[in-house]
Amino acid sequence: PAGKAFMPLEVELKYRVTDFSSLIGVLSRSGAEPVHHEAPETNVILDTPDGSIRSSGWLLRLREYDGKASVTVKEPLQSGPAKSRMEHDMDLPGSFSDYLRVFRAAGCLPVYKYEKLREIWDFQEAHICLDSLHFGKFVEVEAESVEEVYRVSRALGLNPEEGIKESYGALE
């Protein structure tokens, strides 16, 4: 999630849900704390005109969440039962649109854009993201290991075997 600093290895699973009410109940009863209130988030995936960034397995993303810009570089996916990859994330001063102009000037063009409403909770050493997109509602469980993602997922009443490793771009 935007602004995170403690998980350079991103390990996550997504779950498609119909609504968040029961999950929010479990989180609240378990003493979890909301870290960021529900706020709009815009994500722009950038690449060179020849597609060399994504074709090599890397990802470059510019994000605006709750009025703040960040940039993320994701290394190629690691094999395994959850989506795992090294992630380098940095909050940026200034405006999202200014950074988009800078990336364009450097030859990195928007190739995919998606918007969502995101609410973030901290629960048992994991980030729980409640994401509402135009094509569905999803819960993302992010932690430092596959075992932790599975354990937290089960504690929330989610079945890790039903977890989704694909990106929102692939799911749309």
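An account of the accompanying structure is given in this report. (Residues numbered from 1 in each chain as written. Predicted model: local features only at pLDDT ≥ 70, side-chain atom pairs only at ≥ 80, totals over all residues. Heavy atoms only, no water.)

## A word on the environment of A126
Our working definition: Numbering of helices and strands runs from the N terminus; a helix is a DSSP stretch of H or I covering at least four residues, while a strand is a stretch of E covering at least two. Any two residues having at least one pair of non-hydrogen atoms within 4.5 Å are treated as being in contact.
By secondary structure assignment, the location of A126 is in strand β7 (residues 126–133). In sequence terms A126 and E12 are 114 residues apart; their C-alpha atoms lie 9.6 Å from each other. Setting aside chain neighbours within four positions, we find A126 in contact with W121, E142, A143 and V152.

## Some points on helix α3 (residues 96–105)
Put simply, the test is: Buried, partly exposed and exposed residues are distinguished by accessible area as a fraction of the type maximum, computed with a 1.4 Å probe on protein chains only: under 20%, between the cut-offs, and over 50%, respectively. Note that the arc is defined by the directions from the helix axis to the C-beta atoms.
Buried within α3 we find F96, L100 and F103. End-on view of α3: buried residues confined to an arc of 65°, all on one side of the axis. The outward face of α3, more than 90 degrees from its buried face, is lined by the exposed residues R101, V102 and A105. Packing partners of the buried residues in α3 comprise β2 (33–47), β3 (59–65), β4 (68–74) and β6 (109–123). Two residues or fewer after α3 comes G107, characterised by a positive phi angle close to 95°.

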